Each structure stands twice: as structure tokens, then as C-alpha cells.
Amino acid sequence: MKPTSHAFTDNARRALHDVTLQQALAKAGVGFVDKRRAVVADLPEFDALRQAGRAIKDHTLANLDHYLLRFEQQVAANGGQVHWADTPEEACAAVLDICNRAGAKLIAKGKSMVGEEIAINDALEAAGFEVVETDLGEYIIQIAHEPPSHIIAPAVHKTRAQIARLFEDLHHQPGLTRPLETVPQIVDEARQILRDKFLSADVGITGANFLIAETGSTVIVTNEGNGDLSATLPRVHIVLASIEKVVPTLEDTSVLLRLLARSATGQEITSYTTFFTGPRRGEDADGPEQFHVVLVDNGRSRMLGGAYHEMLRCIRCGACLNHCPVYSAVGGHAYGWVYPGPMGAVWTPLMVGLDEGRPLPNASTLCGRCEEVCPMSIPLPKLLREHRRQEFERKLAAPLSRWALAAWAFCARRPQFYRWAMRFGIVLLNKMSGGRGRFRSLPFAQGWTAARDLPAPQGDTFMAQWQRRKHHE
Amino acid sequence: MRVALFVTCLVDLFRPSVGFASVSLLERLGAEVVVPPEQTCCGQPAYNNGDFETARAIARQVIAAFEGFDHVVVPSGSCAGMLVKHYPELFRDEPETLARSQSLAARTRELSVFLAESGVEPVIDTHFTGKVAMHDSCSARRELGIHTAPRALLDKLAGVESVELKDAEVCCGFGGTFCVKYPDISARMVSDKAADVIASGADVLVSGDLGCLMNIAGRLKRMDSPVRVYHLAELLAGMTDVPGIGDGDKT
């Protein structure tokens, strides 16, 4: 996917004026926030669980090589195969190779954000394979030819009416009319279409929420069961996962699953939690003949031990998106690449470069709500600020804003000069306000005054008045 | 008791009455208030724009200016958060300055917390009556965990009926230079906040942070809302005869 993060400001403006998008966002956001609040309130030990989850991830990251190799050993012992991919190209090549060797035509795909990251669908389609997304949200955006706008609710930017219209256009069969108004009707329609695909697919691709080193299992959570069908019905199962998904044990996984479901959808446990451990064994009644895990690095190992190390704790729950006032206002597409919201604003510049992703870390008030709800206690504001530090050091910001900051800094570091210069400006501004207490418009503050008045200074500065008062005493 | 006041740049420049209200409240506790003249700003604009060197230079100034005071009081959760949480972060690799910044952090309190912790019943002589909504800044709420202190103070005002805002934990959209860099998104956030203020039925909106207040007041005034906006210190000090934020003598 070609990033448009550099155009965030324009993307955001369009999103703010998109009435349908705003309706969809308003409806979705509140639901996630309220559900999480309720389910967290029901669990007094949530904070203890959070600390335990963080400790598991910190320990795993500190010993990542060990646990990844252990995972590979166990996958092999179970009769599966691990493929290591340093880059998106290598990952796509590994998947294409498996599909080619399996003589595949149709591929059923479960939801995978790393799949989006490496653009696996584009690669497969370019090579002539038919790919069908089986997660309802992913299916909707696939037929709409759009990228996901949320990491766990990819079609959250679409209204029910928009989805019904998409289905009507695409699934239209002459002479056949059926109602498509309620959610169950829409889901039923998708289910009928997808059922055939599951049964005829040659290869199933799923993502992974966790990889378990001690058992060589991969874990996914879904609320539709589509992942299970994608994994078990086709002859070949390919798991796409990034390297930081590994955890040491089953026991560790249970801690993280409890955090994930509550933080993501406000559920105590996701409807389907499935552990895949190797291909079909002799005595198994069903399951795939081949089991492959493609492990994607794509820059992650370089993050280890660096300034963004803590981002690798992320379990992709989406809580930071749901609680972000900027994400809630503009939606995920404005961020211009695969990962939106606060976590995306940290990841994107690391993966597509700071020159491209520069606006994202700046598009935050650093209000801290993301860090507050993050089940892995990732200090997202600190990491956003770290990007800004890199941006400043590389002088990437617009010259005008850099000069303004430098001029202010010059004054702020010289208290006496600062008093004099600021006092001059403030008294002038006060005079200009003509006693009205505010400005409806100011030439150098158009951004501010477009939608709000600017309160005027009261008069002289506090420091000047204080000195006078001390002088009189 | 000597108390050093960190005025904050916004109060110094835009709303000195908040500084005088703070002084007045502290003096009623029996404190001798000192305003060190070497202060300008806490350095947040530099820090949040990635200019850590300037932020460190300003932090050193502040640390030096406030050395030797047992109590440092700040009428802003945002600036107090900078002194308390971020200065030590900035000097992580400079042991000597780190120790001094930690000492400053230990001595620094946001105004409402200082008043509430003092144990002295603040002498409040406001005749104000009406419904008051308290807006928590994100820094106050999340960096410093301030929630009960300002409400406990408001509860002491006989004429005040406190109301809570819907979505109180959501940012108002000020965000320092964010409102300049992303005015459209900021405008959307503040109009949501202003709508919640109006829906609360409050006559007056207060907060411990002037940045949020200028932002929300600016939107309320643009909407011709009659809600008056004050810093919490002004309400507590009985200074609501001064025109509210965004109101003038002629409005």
C-alpha cells in the first residue's frame, strides 16, 4: 500500500467534512469505550493482570531470539515449517512459493494486520491467485477496494446502509431480491457467499495473535469463527505473524488473552479462541495437510533495545485507537497507511520512514489517554515525542515553524529580554482587543480563530504588575 | 512558610488575575509568596516539539530559580506535570541535575493540590452562586492524578452547585502547539467539549489550566454561549467580578 501519511492534514480535513464517515465513527467509538469500561470495572485485578502481561512481554523481548528458535523447533516437531522473512518482499515470496507448490487457485484469508503491512493480497493477486477475505469487515473493505481503517474493526468507517449497497451491487443476481436492512440479514448474505469459498479454497491464510514457544502453537481470536474455517478446511494453512507475537508458554498466553479481549472489544473472552498446533495428524478427522508459519521481521529486530523498544509489547488490541480523540475525529484512513491511531503514529514512521510519516506523531495533543488504556502500558506519548525529537534533529519540520520555535526559545532562555519583548506584544494585543476581551479573527492566528475566538490578554503582564506591587510595598 | 509561585507563561501573559488569585489564596494560608523573577516558561513548547536541548536549558533555569524554596506552587497541571514528571526524564543521563530536578519535583505542587494538602481551611469569601463545571486538563488528570482536590475545594463554596461534564476524561483539543499545527482537528475537539459544557447546564466553567480554558472559552464565545469561564483559583479567591476569560469590559 502506497502511504499517504505525508498528506495527513488534507486527509484529516476531508474526513472531518465527510458526513457519512462522521456518523459511522460516532456510533462505533462510544460502543468500544463503554464496553471496555464496564468489563474492566468488573475485574478488580485488571491492573495486576496488566503488570503481569507487561512482565511477560518484557521478558520475551529480552530473550526474543531464544523464544523464536524454540518456537521454530516446536513447529518442526509438530510437522510444520517456519519461514523467516526479513522484509515484506521475502515474506510475500515465501507465501507465493507455498501457494505455487500447492497448485493453489483460491485462497481463503483470515484477518491479518501484518498481511496488510506486507501487502500480501496485492502480491497474491498479481501472481494470479484469487484471494477472498473471510472476516466480515475485511470482506467488506476488500469488495470496496479500501484498506482497513481500524486494526480490529477494519470496516468501522462504513455505515450499515453503505454495506448493504455494496452487497446489492456485487452479489446482485437477476430476478432475485432479498431484504438487506438489518445486521443479521447482512451477515447472513456474507455467510452464504463465503461458505462456498471456504469449501473450495486450496490455501488458508490466517494471522496470529500469539505464537507459543513451548508448544509451537499459533493462536487467533475471532468473533466470527471465520479464522477456524480458513485454517482447517483448505489443504494448506499458512500463518502470517510478526516476530514480536511470540510468548513463552500457554500459561502466559492465557494472561494476555484476558487482557486482549477486554481491551479490544470489551469482552471477557473472544467468541472463538483457537490454537493451531501443526498440520493434521494421522488420527485427526480433519485439518490441513501442511502447516507453515511465515515470521516477518520488517524492521522489528532493529527496534530491540532502542528508543522504540516498548512499542514491541503491542498486542494489537486497538484500545488506543478507540480512546484517541484524534482517531475518533478523523478515522483510520487519514493516517494514510496500515496502522492508524496512536500505535500507528508510532509504527508508521518506523516502517515507511519519518519523512513520509512525519505528520502522524505531531497529530496528537499528547493527552495520554492511549497510555492510560493500553493493556501493555506502552508509553505512547513518550514514543510520539521521540519521533518529534528525531524530526527536530533532522530539521524536517517546515522552516516557518522551526524559526518560530527558535525565536521563542531565544526569548525564553533570556528572562529579562523575554519580559520586555513579551510585555510589548501583550500590551499591544490588549489595546487591539479594544476592551472586547477577545478576537474574532487575527492575521497570525487564523487556524485558531476559524472556529473559536481568541481570548485577549487582560492588560499588562503578571510579572510587570507584581514588580509594581512589590515596589509600592 | 515561604511559597514560590511558578506563574506559568499563559497566566503571566494572558491572565494575570489568575496569578493574583493564586497569591491571594496562598497568603490566606499564611504563606509568604515569592515570585522568582528568572522564570519564563516551563519549556513544554520546546519539549513537545522535539527540541530537547532548549527544553533542558529552560529546565535548568527553572531548577535554579526555584532552588531553596520548600514549596513551589503552580496554577497549572500541565506546567506542574512538566516540572514533576518530565524534568527528571530530561536529565536521566546527568546525575547531578537529575538529583536537583527530583528535588524540585518533590517540592512542587499544582495549586489545588497544595491548597487541599495544606490542611488549612482556605478562607473563601466568594459570594458567587450558581452551577459550576470543573474541567480536568489531561496533564492534571493523567500525569498528576488530580481529580478530588479541585472538587473538594469547590464543595467548600456554599453557593456552588457542582456538575460533571459528559466525557470528562476526553481532551479539549488545546494540546499546546497542536491547536496551531492541526487547527481543524483541534476545532472539532473543542466544539465537542463546548457542547458538553453547555449540555451540563453549568453557569460557569472552571479548570486548573489556562490553556484548556482559553480554548474552551474561545469556542463558547464563538457560539455566543452565556457560560462564563474562570480559572479555579479566581473562583476560589472570590474574583468573579473580573470579566471571565474571553469576556471584556465592553461585552
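What you see is a predicted model, and the numbers here were worked out from it, not measured in a lab.

**Some remarks on the overall build of chain A**
Here is step 1: A tally of regular secondary structure across chain A gives 24 helices and 12 strands.
Here is step 2: Based on the C-alpha atoms only, the size of chain A along its principal axes is roughly 95 × 60 × 45 Å.

**What about the interface of chain A and chain B?**
Here is step 1: Taken together, the contact pairs 51 residues of chain A with 60 residues of chain B.
Here is step 2: Across the side of chain A that touches chain B, the residue classes tally to 28 nonpolar, 11 polar and 12 charged.

**Focus: the domain arrangement of chain B**
Residue and element names in this part refer to chain B.
Here is step 1: Segmentation of chain B into domains returns domain 1 (2-117) and domain 2 (130-236).
Here is step 2: For domain 1 versus domain 2, the separation of C-alpha centres amounts to 22 Å.
Here is step 3: Elements that contribute at least two residues to the side of domain 1 that touches domain 2 include exactly α1 (9-14), α2 (16-28), α3 (44-48), α5 (77-90) and α7 (111-117).
Here is step 4: It is α5 that contributes the most residues to the side of domain 1 that touches domain 2, 6 residues altogether.
Here is step 5: Taken together, the residues of the side of domain 1 that touches domain 2 break down into 14 nonpolar, 10 polar and 3 charged.

**Points about the environment of Phe32(A)**
Here is step 1: Tracing the sequence through the fold places Phe32(A) in helix α2 (residues 19-41).
Here is step 2: Discounting residues that sit within four places of it in the chain, Phe32(A) has contacts with Gly266(A) and Asn322(A).

**Side note on the sheet that holds strand β1 (residues 81-85) of chain A**
Where strands meet in a sheet, backbone hydrogen bonds hold them as pairs that are either parallel or antiparallel.
Residues and elements named next belong to chain A.
Here is step 1: The strand order β1-β10-β7-β4-β2-β3 describes an open sheet built from 6 strands, whose pairing is parallel. At either margin of the open sheet sits one strand with a lone partner, and together these are β1 and β3 (130-133). Between one strand axis and the next, the sheet turns by 20° as a mean value, whatever way the strands run.
Here is step 2: Alignment of strand β2 (residues 106-109) against strand β4 (residues 203-206), held across 3 bridges, turns out to be parallel. Paired with Ala 108 across the strands is Gly 204, a residue of β4.
Here is step 3: The strands that helix α4 (residues 64-77) touches are β1 and β10 (290-296); relative to β1, the one it contacts most, it runs at about 145°.

**Structural notes on helix α11 (residues 183-199) of chain B**
Residue and element names in this part refer to chain B.
Here is step 1: The end-to-end C-alpha distance of α11 is 24 Å, a good match for the 24 Å that 17 residues give at a rise of 1.5 Å each.
Here is step 2: Summarising burial for α11: 12 of the 17 residues are buried, a large majority.
Here is step 3: Every buried residue of α11 is accounted for by Pro 183, Ile 185, Ser 186, Ala 187, Arg 188, Met 189, Val 190, Asp 192, Lys 193, Ala 194, Asp 196 and Val 197.
Here is step 4: Following α11 by one or two positions, Gly 201 has its phi on the positive side, about 80°.

**Here's the deal with the domain arrangement of chain A**
Here is step 1: What the domain assignment lists for chain A is domain 1 (43-302) and domain 2 (410-472).
Here is step 2: Its C-alpha centre places domain 1 of chain A at a distance of 56 Å from the equivalent point of domain 2 of chain A.

**Remarks on the pairing of strand β1 (residues 2-5) of chain B**
All names here are of chain B.
Here is step 1: Bridge count for β1 against strand β2 (residues 32-34) is 3 bridges, and the pairing is parallel. Paired with Ala 4 across the strands is Val 34, a residue of β2.
Here is step 2: With 3 bridges joining them, β1 and strand β3 (residues 71-74) adopt parallel strand pairing. Residue pairing across strands places Ala 4 opposite Val 72, the latter belonging to β3.

**What about the environment of Arg56(B)?**
Here is step 1: Mapped onto the elements of the fold, Arg56(B) is located in helix α4 (residues 52-65).
Here is step 2: Exposure remark for Arg56(B): the 19 C-beta atoms within 10 Å place this residue in the partly exposed category.

**Side note on the sheet that holds strand β6 (residues 160-163) of chain B**
Residue and element names in this part refer to chain B.
Here is step 1: One open sheet accounts for 4 strands, arranged β6-β5-β7-β8; its pairing is parallel. Unpaired on one side and paired on the other, β6 and β8 (228-231) mark the two borders of the sheet. Between one strand axis and the next, the sheet turns by 35° as a mean value, whatever way the strands run.

**A few points about the nonpolar core**
Here is step 1: Membership of the largest hydrophobic core comes to 215 residues, with the highest contact counts inside it found for Val294(A), Val296(A), Leu83(B) and Ile216(B).
Here is step 2: With residues up to four places along the chain from it excluded, the contact list for Val294(A) reads His83(A), Ala85(A), Ala91(A), Ala94(A), Val95(A), Ile238(A) and Leu240(A).

**Details of unusual backbone geometry**
All names here are of chain B.
Here is step 1: With a phi close to 50°, Asp 167 is a non-glycine residue in the positive phi region.
Here is step 2: Relative to the assigned elements, Asp 167 resides in the loop between β6 and α10 (178-181).
Here is step 3: On the basis of neighbour count, Asp 167 is assigned to the partly exposed category, with 13 C-beta atoms found within 10 Å.
Here is step 4: Even without glycine at this site, Asp 224 takes up a positive phi of about 55°.
Here is step 5: For Asp 224, the location among the structural elements is in the loop between α12 (210-222) and β8.

**As for the packing of α4(B) against α5(B)**
Residues and elements named next belong to chain B.
Here is step 1: Interaxial distance between α4 and α5 falls to 10 Å at its minimum, and their mutual angle equals 120°. Here α4 lies oblique to α5, going by the angle between them. In this structure, the crossing between α4 and α5 has a hand that is left-handed. Contact with α4, carried on its side by Phe 52, Ala 55, Arg 56, Ala 59, Val 62 and Ile 63, involves Leu 83, Tyr 87 and Leu 90 of α5 and no other residues of that element.
Here is step 2: Its residues assigned to classes, the contact of α4 with α5 comprises 8 nonpolar, no polar and 1 charged.

**Here we look at the environment of Ala4(B)**
Here is step 1: Mapped onto the fold, Ala4(B) is located in strand β1.
Here is step 2: Those residues within four positions of Ala4(B) in sequence are excluded, and the remaining contacts are Val34(B), Pro36(B), Phe66(B), Phe69(B), His71(B) and Val72(B).

Calculation rules
Residues numbered from 1 in each chain as written. Chains lettered and ligands numbered in written order. Predicted model: local features only at pLDDT ≥ 70, side-chain atom pairs only at ≥ 80, totals over all residues. Helix = DSSP H or I, 4+ residues; strand = E, 2+ residues; numbered from the N terminus. Contact = placed C-beta atoms within 7 Å. Nonpolar A, V, L, I, M, F, W, Y, C, P; charged D, E, K, R; others polar. Domains from an automatic or database assignment. Pairing = 2+ DSSP bridges. Axes fitted to C-alpha atoms, helices over the stretch in contact; angles between N-to-C directions. Expected span 1.5 Å × (residues − 1). Buried ≥ 20, exposed ≤ 12 C-beta atoms within 10 Å, placed from the backbone. Core = buried A, V, L, I, M, F, W, Y, C linked by C-beta atoms within 7 Å. Parallel < 35°, antiparallel > 145°, perpendicular 65-115°, else oblique. Left-handed = near helix turned anticlockwise from the far one by under 90°.

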